[in-house]
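# Structural features, examined
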Amino acid sequence: DMVDDLPEQVRSRIESRFIGRVAREAAYFFESRKHTIRQYGFMSREAALPYLEETGYNLIVSGNPTTHGGKLFDYLGMGKPLLALCPAEGEMAQVIRDTRIGWYVNPGDRPAIRELLLAAVERFDRDQTEWSPDWDAIREYEWPNLVGRLTRLAGMGVSA
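Thresholds, definitions, all that
The numbering scheme is per chain: residues are counted from 1 as the chain's sequence reads. Given that this is a predicted model, residues contribute local features only at a pLDDT of at least 70 and side-chain atom pairs are listed and counted only at 80 or more, while totals for whole chains, interfaces and linings are drawn from all residues. Derived side-chain values reflect all non-hydrogen atoms in the structure, with water molecules and hydrogen atoms excluded from consideration. Only rings of Phe, Tyr and Trp enter the pairing, Trp through its six-membered ring, and a pair is recorded when the two centres are within 6.5 Å. The plane angle decides the type: under 30 degrees is stacked, over 60 is edge-to-face, the rest tilted. Only DSSP runs of H or I reaching four residues or more are called helices, and only runs of E reaching two or more are called strands; each is numbered from the N terminus. Burial classes: relative accessible area under 20% of the type maximum marks a residue as buried, over 50% as exposed, and values in between as partly exposed (1.4 Å probe, protein chains only). Think of it as a cone above the ring: NZ of Lys or CZ of Arg counts as a charge over the ring if it is within 6 Å of the ring centre and within 35 degrees of the ring normal. The predictor reports its confidence for every residue as pLDDT, a score running from 0 up to 100. Residue types Ala, Val, Leu, Ile, Met, Phe, Trp, Tyr and Cys, when buried and joined through side-chain atoms within 4.5 Å, form a set referred to as a nonpolar core. Any pair of residues with heavy atoms lying within 4.5 Å of one another is described as a contacting pair.

We now examine the packing of aromatic side chains. Each pair of aromatic rings is reported with the distance of its centres and the angle of its planes. Inspection of the entire model under this criterion finds three aromatic pairs. On the numbers, 6.0 Å between centres and 20 degrees between planes, the contact of phenylalanine 73 with tyrosine 141 is stacked. Taken together, the residues phenylalanine 73 in helix α3 (residues 69-76) and tyrosine 141 in the loop between α6 (135-139) and α7 (143-153) connect sequence positions 68 residues apart. When its relative accessible area of 13% is taken as the criterion, phenylalanine 73 is described as buried. For tyrosine 141, a relative accessible area of 12% puts it in the buried group. Aromatic pair tryptophan 131 and tryptophan 135: ring centres 6.1 Å apart, planes at 90 degrees, arrangement edge-to-face. The ring of tryptophan 103 carries arginine 123 above its face, with NZ or CZ at 3.4 Å from the centroid.

The following block contains the structure:
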């Protein structure tokens, strides 16, 4: 509902897209909104890619400081800026800091979320001139590198 609180001239330019299942108890969230919301339901990753490629930003939300989910790693490789609502001291925020893939604010900080959204629209107008991801750092989070890192950390690697 933070988008609905933005000034009309900003809000009218935002379209929220949700791909995936929405729990019944969360369905009310999509009712009576002041901006465009499109729900696409569940689809395969391959079917979702065109929607992700044409978006200005990807959004990810997590209230848990010790998790980030696979979607974060999918978004890293998209070549799109990321907006995240996540704990600043959490793992997701650390990945975002390491890779410079986007911007994050704590999910309960309404003034910061408002500023995040306003700044995102402003950056979009300037053609993302402030977005400078660290592609070398991002490659460290690709699945083969993560599997290798996990193998080494778990002591499962074979030494010659």
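Once that is clear, we can look at the confidence of the model for the protein chain. On average, residues of the protein chain score 84 in pLDDT, and 86% of them reach the 70 mark or higher. Confidence, expressed as mean pLDDT per element, reaches its minimum in the protein chain at α7 with 56 and its maximum at strand β5 (residues 102-105) with 96.

With that settled, consider the nonpolar core. Counting residues in each nonpolar core, the largest one holds 18 residues, and the members touching the most others are Ile60, Leu76, Leu82, Met92 and Ile101. Every element with two or more residues in this core is listed here: α3, β4 (82-85) and α4 (91-99). With residues near it in sequence (within four places) discarded, isoleucine 101 still touches Leu76, Lys80, Pro81, Leu82, Ile96, Trp131, Pro133 and Ile138. Core analysis: the next-biggest nonpolar cluster, separate from the first, contains 15 residues, Leu85, Val105, Ile113 and Val121 among them.

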